[in-house]
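# Chains, contacts and geometry: an overview
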Amino acid sequence: MTEFDIVDAAAIREGRATDAYFERTETALEHAGRNPRVVAEVTADQFPDGDFELFAGLKDAVALLEDRDIDVDAIPEGRLFDGGPVMRIVGPYLAFARLETSLLGFLSHASGMATAALDCRVAAPDSQVLSFGARHVHPSMTAAVERSALVGGFDGFSHVAAGDLLGREASGTMPHALSICFGRGEQEAAWRAFDEAVDESVPRIALCDTYSDEVDEVLRAIETLGDRLDGVRLDTTGSRRGDFRHIIREVQWELDVRGHEDVDVYVSGGLGPDDLRGLRDVVDGFGVGGYVSNADPVDFALDIVEVDGEPAAKRGKLSGAKDVYRTADGAHAVGLADRSGPEGAESLMEPVIRDGEVVADDAFDLDAAAERALADAEATGYGTDRSTE
């Protein structure tokens with residue numbers, strides 16, 4: 001028995017992280033001497049319907065598929081898609097059959113979280129937005145959560161170990177527990193201990209709603225830390241929050257009237273795009289948690305669309321290899337791969353693996369992916385009329 005309920009990287013790489021019926025399919029095909037050369041595509045929807053989603057998870061998918069007897073094309077991470085394939089795999093079916101479960105998991109979960117992150121990013125384009133959602137998922141998933149948030153345009157995240165894996169420093173200052181450990185009425189002692197002990201490189205952002213009114217604690221934080229106070233964070237429990245926007249405006253007013261307009265105000269606690277849109281003019285930054293980490297995965301499927309050079313597909317799926325395009329007006333288009341795309345359109349599918357070797361490392365470069373996401377959001381008008389329920 002393992003210490004934690006975690007399927008390790010070796011099991012994923014070796015194909016043990018699979019559904020049982022793929023093992024039995026392998027057994028049946030090998031018994032029959034069948035291993036056709038196929039074209040398989042990963043898709044969420046067959047045709048565009050105007051509901052764009054953000055593609056993520058490609059880095060892990062490529063790590064899974066490399067060094068196998070296959071070719072892979074995919075849209076780069078950070079591109080918006082709307083129908084048609086996001087990935088095409090060409091090769092002997094048994095070279096990748098048992099990898100389908102893990103492949104779809106990598107792409108589905110990451111793309112869902114990245115899409116949710118982009119919802120928040122476009123809702124508050126000029127604000128700092130940090131990912132606070134790691135606590136809502138299994139610890140083995142935290143790096144995927146934080147990476148997906150960055151692909152969707154977030155400025156940073158809170159999880160330390162994820163930062164180690166991603167080569168980024170985690171953000172965050174203090175929880176309510178710090179003040180509670182000093183006791184009711186001793187918030188000043190908590191803020192002072194933080195200021196005296198924590199590295200100077202960490203911003204002095206005081207959490208100001210542990211025991212008393214937000215305005216009261218903000219003013220006490222100013223009296224305690226003075227010019228060393230960089231900002232305050234409000235994380236008031238929803239049941240006690242009241243009109244959050246009004247509370248924030250009160251805090252801003254009292255800061256301004258005392259000459260502390262340079263103290264930033266951050267908010268967190270169960271926020272989503274509608275909250276960001278409604279508060280972005282009165283706060284400097286947001287911490288967003290469950291909206292991203294708890295996002296529904298994109299419902300990707302992997303389907304064979306060609307067998308030994310002949311079109312083939314199950315009921316309800318479109319046979320034949322396909323390409324996808326960004327049209328000049330920002331729309332998404334799907335067409336057969338052996339035909340020309342719409343005039344003036346940009347082809348989105350790019351070579352990623354050839355004969356098992358990775359040929360496009362930049363297709364999942366994290367910074368480039370985030371830049372693509374924001375550029376695609378502007379080109380497609382993403383978020384301008386998008387539900388955030």
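Residues numbered from 1 in each chain as written. Predicted model: local features only at pLDDT ≥ 70, side-chain atom pairs only at ≥ 80, totals over all residues. Heavy atoms only, no water.

Here we come to the overall build of the protein chain. Looking only at helices and strands, one finds 14 helices and 18 strands in the protein chain. When the backbone C-alpha atoms are referred to their principal axes, the protein chain occupies close to 80 × 55 × 35 Å. Evaluated residue by residue, the protein chain yields a buried proportion of 49% over its 389 residues. Long-range contacts, defined here as pairs at least 24 residues apart, represent 71% of the contacts in the protein chain between residues at least 6 apart. As displayed, the protein chain offers around 18700 Å² of accessible surface, 47% of which is attributable to carbon and sulfur atoms. The centroid of the 36 positive side-chain charges in the protein chain is displaced by 4 Å from the centroid of its 77 negative side-chain charges. (Helix = DSSP H or I, 4+ residues; strand = E, 2+ residues; numbered from the N terminus. Buried < 20%, exposed > 50% of the residue type's maximum accessible area, 1.4 Å probe, protein only. Contact = heavy atoms within 4.5 Å. Areas by Shrake-Rupley, 256 points an atom, 1.4 Å probe, with all protein chains shown as cover. Lys, Arg positive; Asp, Glu negative; His and termini not counted. Charge placed at Lys NZ, Arg CZ, Asp CG, Glu CD.)

A few words on the layout of surface pockets. Approximately 1100 Å³ is the volume attributed to the largest pocket. Around the largest pocket, the lining is made up of 37 residues, and of these Ile12, Asp60, Phe106, Ser140 and Met141 lie nearest the centre. When contributions to the lining of the largest pocket are tallied by element, the ones reaching two or more residues are helix H1 (9–14), helix H3 (58–65), helix H4 (100–123), helix H5 (142–151) and helix H6 (160–166). Of the residues that make up the lining of the largest pocket, three or more belong to each of domain 1 (9–113 + 297–380) and domain 2 (126–294). Its volume calculated, the second largest pocket comes out at about 870 Å³. Where the lining of the second largest pocket is concerned, the elements lending two or more residues are strand S6 (128–131), strand S8 (205–207), strand S10 (264–268) and strand S11 (285–288). (1 Å grid on protein atoms, 1.4 Å probe; cavity = no way out; pocket = protein on both sides within 12 Å on 5 of 7 lines; lining within 4 Å. Points joined across faces, edges and corners; volume = space filled by probe spheres on them. Domains from an automatic or database assignment.)

Our focus in this paragraph is the side chain of arginine 204. With respect to the helices, strands and loops of the structure, arginine 204 is situated in the loop between helix H8 (187–197) and S8. With sequence-adjacent residues up to four places away left out, arginine 204 is seen in contact with Phe194, Asp195, Val198, Asp199, Arg228, Leu229, Asp230 and Gly231.

Orientation of helix H9 (residues 214–225) relative to helix H11 (residues 244–257), taken along the N-to-C sense of each, is 30 degrees, at an axis distance of 9 Å. Judged by the angle between their axes, H9 and H11 are roughly parallel. Regarding H9 and H11, the two cross each other, and that crossing is right-handed. Where H9 abuts H11, its residues Glu214, Val215, Val218, Leu219 and Ile222 lie against Ile247, Glu250, Val251, Glu254 and Leu255. For the contact of H9 with H11, the class distribution of residues is seven nonpolar, no polar and three charged. (Axes fitted to C-alpha atoms, helices over the stretch in contact; angles between N-to-C directions. Parallel < 35°, antiparallel > 145°, perpendicular 65-115°, else oblique. Left-handed = near helix turned anticlockwise from the far one by under 90°. Nonpolar A, V, L, I, M, F, W, Y, C, P; charged D, E, K, R; others polar.)

What follows deals with the sheet that holds strand S12 (residues 301–307). Strand order in this open sheet of seven strands is S13-S12-S1-S5-S3-S17-S18, and the pairing throughout is antiparallel. Where the open sheet ends on each side, the last strands, each with one partner, are strand S13 (310–311) and strand S18 (357–358). Bridge count between strand S3 (residues 71–74) and strand S5 (residues 85–92): four bridges; the pairing is antiparallel. Looking at the pairing, valine 72 lines up with isoleucine 89 of S5. Along the sheet, H3 makes contact with S3, S5, strand S17 (350–354) and S18, crossing S5 at roughly 5 degrees. Along the sheet face, H4 touches strand S1 (37–43), S5 and S12 and points at about 125 degrees away from the line of S12. (Pairing = 2+ DSSP bridges.)

The next subject is the sheet that holds strand S15 (residues 332–336). Note: strands within a sheet are paired through backbone hydrogen bonds, in either parallel or antiparallel orientation. The antiparallel open sheet is built from three strands, whose spatial order is S15-S14-S16. Either end of the sheet is taken by a strand with one partner, and the two such strands are S15 and strand S16 (346–347). Pairing analysis gives five bridges linking strand S14 (residues 322–326) to S15, with the strands arranged antiparallel. Along S15, the bridge assignment pairs valine 324 with valine 334.

Quick look at the packing of aromatic side chains now. Overall, the coordinates contain five aromatic pairs when judged by the stated rule. On the numbers, 6.3 Å between centres and 90 degrees between planes, the contact of phenylalanine 55 with phenylalanine 81 is edge-to-face. In this pair, phenylalanine 55 is assigned in the loop between strand S2 (53–54) and H3 and phenylalanine 81 in strand S4 (residues 80–81), connecting sequence segments 26 residues apart. With relative accessibility at 0%, the residue phenylalanine 55 sits in the buried group. A residue is classified by how much of its surface remains accessible, and phenylalanine 81, at 2% relative accessible area, is buried. Relative to phenylalanine 96, the ring of tyrosine 93 lies with its centre 5.5 Å away and its plane at 85 degrees, an arrangement referred to as edge-to-face. According to the relative accessible area criterion, phenylalanine 96 is buried, its value standing at 3%. (Phe/Tyr/Trp six-rings, centres within 6.5 Å; stacked < 30°, edge-to-face > 60°.)

Geometric values such as these leave the question of function open.
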